Amino acid sequence: MTVPADGLPARVRIHEVGARDGLQNEKTAVPTEVKAEFIRRLADAGLTTIEATSFVHPKWVPQLADAEQLFPMVSGLGGVRLPVLVPNLRGLDRALALGAREVAVFASATETFARANLNRTLDESLSVFEPVVRQARDAGAHVRGYVSMCFGDPWEGAVPLDQVVRVCRALRDMGCDELSLGDTIGVATPGHVRALLTGLNAAGVPTDVIGVHFHDTYGQALANTHAALLHGVSTVDASAGGLGGCPYAKSATGNLATEDLVWMLRGLGIDTGVDLGRLVATSTWMAGHLGRPSPSRTVRALSHEDTEEH
């Protein structure tokens with residue numbers, strides 16, 4: 001039953017990360033054609049923003065070493081935004097050469113994670129991103145800035161709000177069009193989410209450039225998403241089937257499952273443009289290729305219903 005609630009956006013844009021953030025955490029590489037078909041099926045289910053791959057060095061993320069082969073296989077999907085991750089100028093050049101027009105850089109809100117993930121201090125990593133963002137913008141590309149460890153860090157513990165705000169403000173100042181706030185180890189709670197969003201607004205970062213990226217480590221991803229929606233956020237990252245985590249943060253479990261998100265939004269009367277049945281079928285198909293069931297509760301529930309009906 002659809003029961004709308006006051007104070008929520010009429011539409012939410014889902015930033016689908018399963019094909020990149022999800023598959024990069026698999027122990028073995030998924031065949032390129034399977035990745036391409038996954039993206040096509042996600043698009044057919046109605047997702048209009050699908051993060052396709054990452055142009056990082058294969059040494060660091062071997063699961064995405066086929067970026068040059070994959071991107072041309074899906075770049076012709078009409079009406080679908082296909083952002084890609086670029087860690088440096090070399091990665092940006094590779095992406096732009098293939099026609100990518102949306103890119104993302106990946107920053108950290110903490111020193112320890114910056115060193116673990118980027119092998120640099122926090123400020124050094126930001127200085128590396130500055131020419132990447134500038135050249136991407138000069139090329140007419142849309143730039144997203146990911147900020148990891150916004151709510152907690154496995155080494156440093158709680159992350160001060162003003163520290164997160166400083167990093168977000170720096171990314172905006174260098175030209176990022178939008179920001180994605182990452183709860184990399186899944187420790188956020190709704191009040192914390194609202195406090196950070198309020199702090200960002202006070203620092204001049206408008207809500208309409210903010211997306212949220214929650215992990216479900218403690219079962220809080222949907223509650224945190226709802227808190228962000230109440231604040232006016234209308235871009236939510238999610239991963240089909242709940243795939244993914246973070247290879248550099250051992251306590252990080254899967255991303256918020258896209259199906260679970262769509263189920264909640266549909267019940268609230270919020271438009272996403274996503275066909276839930278097709279999405280569930282897509283995640284079930286991918287789970288078969290990965291050899292394990294989807295962790296998404298909605299995928300399991302609806303797949304069980306389909307099995308009972310047949």
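See the structure above.
With that settled, consider the overall build of the protein chain. Counting secondary structure elements, the protein chain contains 12 helices and nine strands. At 18 Å, the protein chain has a C-alpha radius of gyration in line with the 19 Å of a compact globule built from 310 residues. Summarising its shape, the C-alpha atoms of the protein chain cover approximately 55 × 45 × 35 Å along the three principal directions. Per-residue burial over the protein chain gives 55% buried out of 310 residues. In the protein chain, the proportion of contacts linking residues at least 24 apart, taken out of those at least 6 apart, comes to 76%. Of the roughly 12600 Å² that the protein chain leaves accessible, carbon and sulfur atoms contribute 52%. Across the protein chain, the 27 positively charged side chains and the 35 negatively charged ones have centroids separated by 4 Å.

This part covers the pairing of strand β1 (residues 13-16). Side chains R13 and H15 of β1 all project onto a buried face; the interleaved residues I14 and E16 project onto the opposite face, where all are buried too. Pairing of β1 with strand β9 (residues 235-238) involves four bridges; the strand directions are parallel. Pairing of I14 across the sheet is with V236, part of β9.

Within the largest apolar cluster, 91 residues are counted, with the highest numbers of intra-cluster contacts made by F38, V84, V86 and L171. Ignoring anything within four residues of it in the chain, the contact list for V84 reads A52, T53, F55, F71, A95, A100, E102, V103 and A104.

Inspection of every chain in the model, using the stated rule, returns three aromatic pairs. Taking 6.3 Å as the distance between ring centres and 25 degrees as the angle between the ring planes, the aromatic pair formed by F113 and W155 counts as stacked. One end of the pair, F113, is in helix α5 (residues 111-118); the other, W155, is in the loop between β6 (142-148) and α7 (161-173), with 42 residues separating them in the sequence. Taking relative accessible area as the criterion, W155 reaches 46% and is therefore assigned partly exposed. Pairing F151 with F214 gives two aromatic rings, centres 6.1 Å apart and planes at 45 degrees, and the pair type is tilted. Residue F151 is found in the loop between β6 and α7, and its partner F214 is found in strand β8 (residues 210-214); the two are separated by 63 residues along the sequence. Over the aromatic face of Y146 sits the side chain of R20, whose NZ or CZ is 5.6 Å from the ring centroid. The ring of W285 has R41 lying over it, and the distance from NZ or CZ to the ring centre is 4.2 Å.

Let us look at unusual backbone geometry. Located in the positive-phi region is M149, a residue other than glycine, with phi close to 55 degrees. Within the secondary structure, M149 is located in the loop between β6 and α7. Classification of M149 by relative accessible area gives buried; the value is 0%.

All right, on to the state of the cysteines then. This structure, assessed with the given rule, holds zero disulfides. The thiol sulfur of C150 is not disulfide-bonded, and the nearest other cysteine sulfur, from C168, lies at 5.3 Å. Here C176 is not cross-linked by a disulfide; its sulfur's nearest cysteine counterpart is in C168, at 9.7 Å. According to the relative accessible area criterion, C176 is buried, its value standing at 2%.

Relative to the assigned elements, S239 resides in the loop between β9 and α10 (258-267). Separated by 2.7 Å, the side chain of S239 and the backbone oxygen of L243 make a polar contact. Setting aside chain neighbours within four positions, we find S239 in contact with E16, V17, G18, G22, N255, L256, A257, T258 and E259.

Attention now goes to the pairing of β8. By the criterion of burial, β8 is predominantly enclosed, with five of the five residues buried. Here β8 shows two buried faces, one formed by I210, V212 and F214 and the other by G211 and H213. The pairing of strand β7 (residues 178-183) with β8 spans five bridges and is parallel. Looking at the pairing, G182 lines up with H213 of β8. The handedness of the β7 to β8 crossover, carried by helix α8 (residues 190-202), is right-handed. The pairing of β8 with β9 spans two bridges and is parallel. Directly across from V212, in β9, lies its bridge partner V236. Regarding the hand of the β-α-β motif, the stretch spanning β8, helix α9 (residues 221-230) and β9 is right-handed.

Rules used in this analysis
What you see as residue numbers is a count from 1 along each chain, following the sequence as written. Restriction of local features to residues with pLDDT of at least 70 applies here, the model being predicted, together with a cutoff of 80 or more for giving and counting side-chain atom pairs; totals for whole chains, interfaces and linings are based on all residues. Derived side-chain values reflect all non-hydrogen atoms in the structure, with water molecules and hydrogen atoms excluded from consideration. Helix and strand definitions here come from DSSP, where helices need a minimum of 4 consecutive H or I residues and strands a minimum of 2 consecutive E residues; each element is numbered from the N-terminal end. In this description the radius of gyration comes from C-alpha coordinates, and the expected globular size is given by 2.2 Å times residues to the power 0.38. Only protein chains enter the accessibility calculation, which uses a 1.4 Å probe; a residue is then buried when its area is under 20% of its type maximum, exposed when over 50%, and partly exposed in between. Note on contacts: a residue pair qualifies if any of its non-hydrogen atoms lie within 4.5 Å across the two residues. Reported accessibility uses the Shrake-Rupley method at a 1.4 Å probe radius. Residues are deemed covered only where the shown protein chains occlude them. A residue counts as positive if it is Lys or Arg and as negative if it is Asp or Glu; His and the chain ends are not included. Where a charge lies is defined by one atom per residue type: Lys uses NZ, Arg uses CZ, Asp uses CG and Glu uses CD. Strand pairing is defined by DSSP finding a minimum of two bridges between the two strands. As used here, the term nonpolar core means buried Ala, Val, Leu, Ile, Met, Phe, Trp, Tyr and Cys residues forming a set that is joined through side-chain atoms within 4.5 Å. Here a pair means two rings of Phe, Tyr or Trp (six-membered ring of Trp) with centres within 6.5 Å. Their orientation is stacked below 30 degrees between planes, edge-to-face above 60, and tilted elsewhere. Lysine NZ or arginine CZ positioned within 6 Å of the ring centre and within 35 degrees of the ring normal marks a charge as sitting over the ring. Throughout, a disulfide means two cysteine sulfur atoms within 2.5 Å of one another. Think of a polar contact as two N or O atoms within 3.5 Å of one another; within protein, one of them needs to be a possible hydrogen donor and the other a possible acceptor, and neighboring residues in sequence only count if both atoms come from side chains. Convention used here: a crossover is right-handed provided that the path from the first strand, over the helix, to the second strand proceeds clockwise when the strands point away from the viewer.

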